[in-house]
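# Coordinate inspection notes
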Amino acid sequence: MGEDVTLPRLSRHLLLASALEMARLANDALSRAGLDEASIVGEVRRGVAVVSELSLVLRGPADVQRVARALRHAAACEGVTVEGRDAVRMTFQGGGPARVRIVHRSRFVEALLRGTGSPRHVRWLERLAQGRGGLSWLCAQARSERDVYSALDLPFAPPELREGATPRIPPLVDSVSGVFHVHTTWSDGSASVAEMALAAGKAGYAYLGITEHSRAASYARGLDAERLAAQAREVKKARREVGGVAILHGVEVDVMPDGSLDLDDETLASLDFVIASVHVGLEMEATAMTERLVRAVSHPLVTILGHPTGRLLLGRAGYAFDVEAVATAAARNDTFLEINANPQRLDLGEDDVRRAAACGARFAIDPDAHTTRGIRDTPLGLSVARRAGLRREQVLNARATDEVLAYLSARRRAAKRRLALA
Ligand SMILES: [Zn+2]
Ligand SMILES: [Zn+2]
């Protein structure tokens, strides 16, 4: 008989966006089979940027074999195994592992609560529930998680904050009115200006900021002043064609190694807003990188510092620099730091957001979309902001639309005055 060899499973990590997509595919398959959809719990519900697995709970009773059969038909499903009487483990091609647990309806609230909170948060709830019948008993009496928190005299804790104790809950940012930072076929995007604007409107956003790369990003067909002026004409045309969405014309200008910008001030001043990003010369010593970024955020025409650390999740670490120094300079100059919601970036990450917010910095949550679909990544950036405890007033595009548009034009007028531009 051959030897039974078991290879240790390599630790696999999943991007939040992939895990959410897996949940959607699993739930599609459950619905097609006439079963209820399962609820996301665990790290994915807490909005953690990189997770180890997707965890779902299905409100039962339900036959585990029937659930397994349904999940086998999920798109991109690679394998399904039944585990005991109430759990199904599955894997997705190019994704990772997922676990669906069937929980009787009488214990569903408990499964949501225990499944979602980090061990620290759950232990904290357990301690508070002592002498009040215990956490399981309180959950059994409750119709929702909200009821459990109120039985413990606590404010409801949004999943993103369930890492530790949550005696007080800040009024977290919960939506954005519009988005900045999308690319079109003018540089390395796949849709036209009008198509992107239509998609933004469909996603419920009231304004969209178009930002192509600048000429230094030649690999992405970056624009020079002349092509930007030509694009301005297309933007005007798209404004007439697409109703309901204000189209802002901006640019994602490259920050050169010395901290200067890849386009001249007159060109930048002709635009509604400016995102400045580092794409080249990432290998730089931390002090020099800090100086480079401080100079960029101090430029009067720079509105937002794009993907501030340059990190790629599960890819490359960001470049080293003094986050606090850059955040302080940004705050002093009314420049916003980006929370780039591109699934591979989520940059700034939650720890840096917290650190920068403590220095007084404010933020913009941007999809950095290169396709119409990419606009729908914006909520991933909201998760980062919420996990970092940001309030509405700390996020530029969480303000009301009129306020954002008025602010941007006032800011541009002030910058032109400072630079003595006509
Ligand atoms: Zn970029
Ligand atoms: Zn970009």
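Read on for an overview of the structure. Note that the structure is predicted; figures quoted are calculated from it, not measured.

When you line up the elements, Ala199 lands in helix H8 (residues 193-202). With a relative accessible area of 16%, Ala199 lands in the buried category. For the pair Ala199 and Thr166, spaced 33 residues apart in the sequence, the C-alpha separation amounts to 37 Å. When sequence neighbours within four positions are dropped, the list of residues in contact with Ala199 reads Thr372 and Ile375.

Here we take up the coordination of the zinc ion (ligand 1). Around the zinc ion (ligand 1), the protein contributes the donor atoms Glu252 (OE), His279 (NE2) and His307 (NE2), which lie 2.1 to 2.2 Å from the metal centre. Positions of the donor residues of the zinc ion (ligand 1) along the chain correspond to the pattern E-x26-H-x27-H. A spacing of 3.4 Å is found between the zinc ion (ligand 1) and the zinc ion (ligand 2), which share Glu252 as a donor. Highlighted residues: Glu252 in strand E10 (residues 246-254) and His279 in the loop between strand E11 (273-277) and helix H11 (286-298), separated in sequence by 27 residues.

In this section: the packing of H11 against helix H12 (residues 323-332). The interhelical angle for the contact between H11 and H12, taken along N-to-C directions, is 10°, at an axis separation of 8 Å. Here H11 lies roughly parallel to H12, going by the angle between them. In the packing of H11 onto H12, the handedness of the crossing is right-handed. Note on element contacts: H12 touches H11 through Ala325, Val326, Ala329 and Ala330, opposite Thr290, Leu293, Val294, Val297 and Ser298. Here the residues of the contact of H11 with H12 sort into seven nonpolar, two polar and no charged.

Let us look at the layout of surface pockets. Estimated volume of the largest pocket: approximately 370 Å³. Together, 16 residues line the largest pocket, and Ala17, Leu20, Arg373, Arg376 and Leu380 are the ones closest to its centre. Broken down by secondary-structure element, the contributors of at least two residues to the lining of the largest pocket are helix H1 (16-32), helix H2 (42-46) and helix H14 (378-387). If one sorts the elements of the lining of the largest pocket by residue count, H1 sits on top with five residues.

Quick look at the sheet that holds strand E14 (residues 363-366) now. Taken in spatial order, the seven strands make up an open sheet running E8-E9-E10-E11-E12-E13-E14, and their pairing is parallel. With one partner strand each, in any of the chains shown, strand E8 (179-182) and E14 form the two edges of the open sheet. Where E11 and strand E12 (residues 304-305) come together, two bridges link them in parallel fashion. Considered in E12, the bridge of Ile275 is made with Ile304. Helix H9 (residues 225-241) contacts strand E9 (207-213) and E10 of the sheet and is inclined by roughly 160° relative to E10.

Residues Leu71, Met90, Leu208, Leu337, Phe363, Ile375 and Leu390 are the most contacted members of the largest nonpolar core, which totals 103 residues. Here this core gets eight residues from one element, more than from any other, and that element is H1. In terms of domain composition, this core takes at least three residues from each of domain 1 (14-161) and domain 2 (179-418). Formed by 15 residues, the second largest nonpolar core is a distinct cluster that contains Leu113, Leu138, Leu152 and Ala157.

Within the first shell, the zinc ion (ligand 2) binds the protein through His181 (NE2), His183 (NE2), Glu252 (OE) and Asp368 (OD), at distances of 2.1 to 2.3 Å. Note that the zinc ion (ligand 2) binds four donor atoms; their angles at the metal cover 80 to 166°, and the shape is irregular. Sequence positions of the donors to the zinc ion (ligand 2) reduce to the motif H-x1-H-x68-E-x115-D.

It is worth spelling out the environment of Arg215 at this point. Looking at the element boundaries, Arg215 is found in the loop between E9 and H9. A relative accessible area of 48% places Arg215 in the partly exposed class. Each C-alpha atom, one on Arg215 and one on Arg240, is 28 Å from the other, the two residues being 25 residues apart in sequence. With near-sequence residues (within four places) excluded, Arg215 lies in contact with Gly222, Leu223, Asp224 and Asp262.

Thresholds applied
Residues numbered from 1 in each chain as written. Chains lettered and ligands numbered in written order. Predicted model: local features only at pLDDT ≥ 70, side-chain atom pairs only at ≥ 80, totals over all residues. Heavy atoms only, no water. Helix = DSSP H or I, 4+ residues; strand = E, 2+ residues; numbered from the N terminus. Buried < 20%, exposed > 50% of the residue type's maximum accessible area, 1.4 Å probe, protein only. Contact = heavy atoms within 4.5 Å. Donors = N, O, S within 2.8 Å, 3.2 Å for Na, K, Ca; no water. Axes fitted to C-alpha atoms, helices over the stretch in contact; angles between N-to-C directions. Parallel < 35°, antiparallel > 145°, perpendicular 65-115°, else oblique. Left-handed = near helix turned anticlockwise from the far one by under 90°. Nonpolar A, V, L, I, M, F, W, Y, C, P; charged D, E, K, R; others polar. 1 Å grid on protein atoms, 1.4 Å probe; cavity = no way out; pocket = protein on both sides within 12 Å on 5 of 7 lines; lining within 4 Å. Points joined across faces, edges and corners; volume = space filled by probe spheres on them. Pairing = 2+ DSSP bridges. Core = buried A, V, L, I, M, F, W, Y, C linked by side-chain atoms within 4.5 Å. Domains from an automatic or database assignment. Tetrahedral: all angles 85-135°; square planar, octahedral: opposite > 155°, others 65-115°.

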